[in-house]
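The residues making up each chain are set out below.
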Amino acid sequence: MILSVNGLKFKYPGRRVFQDIDFSVEKGDCLAILGTNGVGKSTLLKCINRILKPQSGAVYIQEDEIFKLSRNELAQKVGYVAQKHESARLTVFDAVLLGRKPYIKWDASPKDMEITRRTLKLLDLEDYSLRYLDELSGGELQKVVIARALAQEPNILLLDEPTSNLDLKNQVEVIDIIKKVVKSQQIAAIVTMHDINLAIRFADKFIFLKNGTIFEAGGVEIITPENIESVYSIRVAVEKFNNIPVVLPI
Amino acid sequence: MKQEVSAIANSHLTALYQQYTGRKKFVILLLALMTAALSVIAINAGSMDVSPYQVFMTLLGRGSGIFDVVIWNIRLPRVLAGIIAGSGLSAAGCVMQNNLRNPLASPSTLGISNAAAFGANIAIIVFGAGSIQSSSADAVIINNPYAVTASAFMWAMVGTLIIILLARLRGFSPEAMVLAGVAIGSLFSAATILIQYFAQDVQVAAVVFWTFGDLGRASWKEVAIMAFLVILSIAYFMFKRWDYNALDTGEESARGLGVNVARVRLEGMFISSLITAVSVSFLGIIGFVGLVGPQIIRRIIGSDHRFLIPGSALMGALLLLSSDTLARTVIAPVVLPVGAITSFLGAPLFLYLLARGYQKR
């Protein structure tokens, strides 16, 4: 087991977000967290990365309880891609090199530079490497942020809507790359997504969040019209195309 | 074959990247050389003619009588004060703009200068540390400068601590810090006005004179204290340069990259305030360098703090030193307040760069 979340509870002052969240993730798992807007998907990711502090419950990464790790140690284990990105007057190369920050003592080592180069290549960003972030399109910036998280060489990737700014081609390419990295390096990825069909392509485990708790969790078999109607309040048909389920609103 | 191609691609990217960082290093080197050259000009400039050769010989310890006195006791401390205060204020401004996520942030944003001015007012007006003298070129003298400096510094630190305590309530969010700074700044300004309202004319004159920044107030002792503090602070800022780069990509991303955001902000604000407090207490208010120094250099070399911090420091040194040299020479022997000249020099340069936009690479 690479990640275990036990009895997690989080509330903002006066508003409960979620409680009794229990799940675990194995090496090589891609987990998609699904649910309506405002159900707490992003908040859950932030609690796993200690950006927010849950009121109760525990998160273990391998053997370590996250609150016993320093921020830097945590950043070596967890790569996080936020939903919103801010562009700065930094080049793409420097932005991806920042992913090595948890490992850098005083200055970037040749190894850090090599990993940065490799990650740029992996995401096909080499041609952009000396462009400034504030000159990139939304989709290009999103790829840079994903590259930065991969350069952290984490055990767990937390991706909050990683494909929201990407065109169809880039959506498919990026999630295929992430999936490949997860499988080949035996790490794990937890992703929030609105596009259920894209989630099906990406993930092998799913969690539906509803009313601040886990409504259903499991493999692709839980992607049923009944579950989706219960969670999203919309009627859908789930058809098979090349043996892959496809969700169609009706 | 494929490996060979990718090796070539890799080395090509490395070469490009090295070229790109090399250009930034070159700009920094150029600024350092310009500061050094300007230092020699600044030592030359003044009511007594000294040639660059004499300056050089004096600095090597081979100067003669009068040059020794003028250069070692008057001009060199002044030039060094300009370099040190300029670089300190500008580096502090650079860190504040990053920490507060606000391009308008500068050492005066948090109201530290107002608090220091209030301290000087208290010392001069309430405790009678200022008086008037009509015979010399400077009509006003401050007869107990140490008391004024100590009081200014003390109140600047009181202001800093109040802001930090207020900001702490809101988890050191940039908004909380800026708003607390503006509020504290106005509070101290209002208190200063009230004190001046009840003061005698000569006291007000003394305190207004104090407020004009003046590098000539620094003796070797002040220069040494400022140098110690500014060098340590810039070393600390450089140590945190990756954290500042991470903060530029957003607060949550920075946390995800292992940055303890609240602590980085608290320390950054405290050290920047300390630089401001010391510089205002010793030299009076020198505005604009801290705001415009980092902004000018950001437009030339970008926001990578590995280069931006040393670049800002050198830009600040260059701005303040050139302003002071101009202030001393433009209508010599009258020495104009350097704070005003800084804005006169800095504002057009800044506006030009603003209109031109960012340099492409």
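## Notes on the overall build of chain A
Line of reasoning, step 1. Along the backbone of chain A there are eight helices and 12 strands.
Line of reasoning, step 2. Scaling as 2.2 N^0.38, a compact globule of 250 residues should have a C-alpha radius of gyration of about 18 Å, and chain A matches this with 18 Å.
Line of reasoning, step 3. With 250 residues in all, chain A has 43% of them scored as buried.
Line of reasoning, step 4. Look at the contacts in chain A between residues 6 or more apart in sequence, and 65% of them connect residues 24 or more apart.

## Observations concerning the overall build of chain B
Line of reasoning, step 1. What chain B contains, in helices and strands, is 14 helices and two strands.
Line of reasoning, step 2. Counting every position in chain B, which comprises 361 residues, the buried fraction comes to 49%.
Line of reasoning, step 3. By sequence separation, contacts in chain B at least 24 residues apart represent 77% of the contacts at least 6 residues apart.

## Considerations on the nonpolar core
Buried together is how nonpolar side chains tend to be arranged in soluble globular proteins.
Line of reasoning, step 1. In terms of nonpolar packing, the biggest core is built from 167 residues, with A:Ala32, A:Val96, A:Ile190, B:Ala116 and B:Ala156 touching the most fellow members.
Line of reasoning, step 2. Counting residues per element, this core draws most heavily on helix α3 (residues 65-99) of chain B, at 13 residues.
Line of reasoning, step 3. B:Ala156 has contacts with B:Ile112, B:Ala115, B:Ala116, B:Gly119, B:Thr276, B:Ala277, B:Val280 and B:Ser281, leaving out every residue within four places of it along the chain.

## What to know about the interface of chain A and chain B
Line of reasoning, step 1. The interface of chain A with chain B comprises 26 residues on the first partner and 26 residues on the second.
Line of reasoning, step 2. Elements supplying a minimum of two residues to the side of chain A that touches chain B: α2 (71-77) and α3 (92-97) of chain A.
Line of reasoning, step 3. Tallying contributions element by element places α2(A) first for the side of chain A that touches chain B, with four residues.
Line of reasoning, step 4. Its residues placed into classes, the side of chain A that touches chain B shows 14 nonpolar, four polar and eight charged.

## Brief notes about the pairing of strand β7 (residues 156-160) of chain A
Residues and elements named next belong to chain A.
Line of reasoning, step 1. Counting buried positions along β7 gives five out of five residues, so the element sits mostly inside the fold.
Line of reasoning, step 2. Burial of β7 is two-sided: the residues Ile 156, Leu 158 and Asp 160 facing one way and the residues Leu 157 and Leu 159 facing the other way are all buried.
Line of reasoning, step 3. Bridge count between strand β6 (residues 78-81) and β7: four bridges; the pairing is parallel. When the bridges of β7 are listed, Val 78 appears paired with Ile 156.

## Observations regarding the packing of helix α13 (residues 305-329) of chain B against helix α14 (residues 338-356) of chain B
All names here are of chain B.
Line of reasoning, step 1. Remark: α13 packs on α14, axes separated minimally by 8 Å, with the N-to-C direction vectors making an angle of 115°. Judged by the angle between their axes, α13 and α14 are roughly perpendicular. Crossing geometry of α13 relative to α14 is assigned as right-handed. Contacts between α13 and α14 involve Leu 319, Leu 320, Ser 322, Ser 323, Asp 324, Leu 326 and Ala 327 from the former and Val 338, Ile 341, Thr 342, Leu 345 and Gly 346 from the latter.
Line of reasoning, step 2. When grouped by side-chain class, the residues that make up the contact of α13 with α14 number seven nonpolar, four polar and one charged.

## Description of the confidence of the model for chain B
Residue and element names in this part refer to chain B.
Line of reasoning, step 1. Residues with a pLDDT of 70 or more make up 89% of chain B, whose mean pLDDT is 82.
Line of reasoning, step 2. Long-range and interchain partners of residues 1-5, a stretch whose pLDDT sits below 50, account for zero contacts in this model, where long-range means more than four residues apart.
Line of reasoning, step 3. Considering only residues more than four positions removed or in separate chains, one finds that residues 132-137, a stretch of pLDDT under 50, has eight contacts.
Line of reasoning, step 4. As a predicted assembly, this complex carries a pTM of 0.86 together with an ipTM value of 0.87.

## Looking at the sheet that holds strand β3 (residues 30-34) of chain A
Residue and element names in this part refer to chain A.
Line of reasoning, step 1. The sheet built from six strands is open, its strands ordered β6-β7-β8-β3-β9-β10 with mixed pairing. Looking at the sheet topology across the chains shown, the edges are occupied by β6 and β10 (213-218). Between one strand axis and the next, the sheet turns by 15° as a mean value, whatever way the strands run.
Line of reasoning, step 2. Packing against the sheet, helix α5 (residues 138-151) makes contact with β6 and β7, and its axis sits at approximately 175° to β6.
Line of reasoning, step 3. Lying on the sheet, helix α8 (residues 225-232) is in contact with β9 (205-210) and β10; it crosses β9 at an angle near 35°.

## Here's the deal with the sheet that holds strand β1 (residues 3-12) of chain A
All names here are of chain A.
Line of reasoning, step 1. With antiparallel pairing, the four strands of this open sheet are ordered in space as β2-β1-β4-β5. A single partner strand is all that each edge strand has here, and the edge strands are β2 (15-25) and β5 (64-65).
Line of reasoning, step 2. Pairing of β1 with strand β4 (residues 56-61), which is carried by five bridges, proceeds in the antiparallel orientation. Among the inter-strand pairings, Val 5 is bridged to a residue of β4, identified as Val 59.
Line of reasoning, step 3. Here helix α1 (residues 41-48) sits on the sheet and contacts β1, β2 and β4; the angle it forms with β1, its principal contact strand, is near 120°.

## Notes on the environment of B:Ala115
All names here are of chain B.
Line of reasoning, step 1. By the secondary structure assignment, Ala 115 is in helix α4 (residues 112-126).
Line of reasoning, step 2. Ala 115 sits in the buried class, given 31 other C-beta atoms within 10 Å.
Line of reasoning, step 3. A sequence separation of 39 residues divides Ala 115 from Met 154, and the C-alpha atoms of the two residues are 8.9 Å apart.
Line of reasoning, step 4. Not counting residues up to four positions away in its chain, the partners in contact with Ala 115 are Trp 155, Ala 156, Val 158, Gly 159, Ile 184 and Phe 188.

## Things to note about unusual backbone geometry
Line of reasoning, step 1. Phi at A:Asn242 takes a positive value of approximately 50°, unusual for a residue other than glycine.
Line of reasoning, step 2. In this fold, A:Asn242 is placed in the loop between β11 (236-241) and β12 (244-249).
Line of reasoning, step 3. Taking the number of C-beta atoms within 10 Å as the measure of exposure, A:Asn242 has 5 and is therefore exposed.
Line of reasoning, step 4. A positive phi angle, close to 50°, is found at B:Arg101, a residue other than glycine.
Line of reasoning, step 5. In this fold, B:Arg101 is placed in the loop between α3 and α4.

Reading the values: rules and limits
- Residues numbered from 1 in each chain as written.
- Chains lettered and ligands numbered in written order.
- Predicted model: local features only at pLDDT ≥ 70, side-chain atom pairs only at ≥ 80, totals over all residues.
- Helix = DSSP H or I, 4+ residues; strand = E, 2+ residues; numbered from the N terminus.
- Rg over C-alpha atoms; globule rule 2.2 N^0.38 Å.
- Buried ≥ 20, exposed ≤ 12 C-beta atoms within 10 Å, placed from the backbone.
- Contact = placed C-beta atoms within 7 Å.
- Core = buried A, V, L, I, M, F, W, Y, C linked by C-beta atoms within 7 Å.
- Nonpolar A, V, L, I, M, F, W, Y, C, P; charged D, E, K, R; others polar.
- Pairing = 2+ DSSP bridges.
- Axes fitted to C-alpha atoms, helices over the stretch in contact; angles between N-to-C directions.
- Parallel < 35°, antiparallel > 145°, perpendicular 65-115°, else oblique.
- Left-handed = near helix turned anticlockwise from the far one by under 90°.
- pLDDT = per-residue confidence, 0-100.

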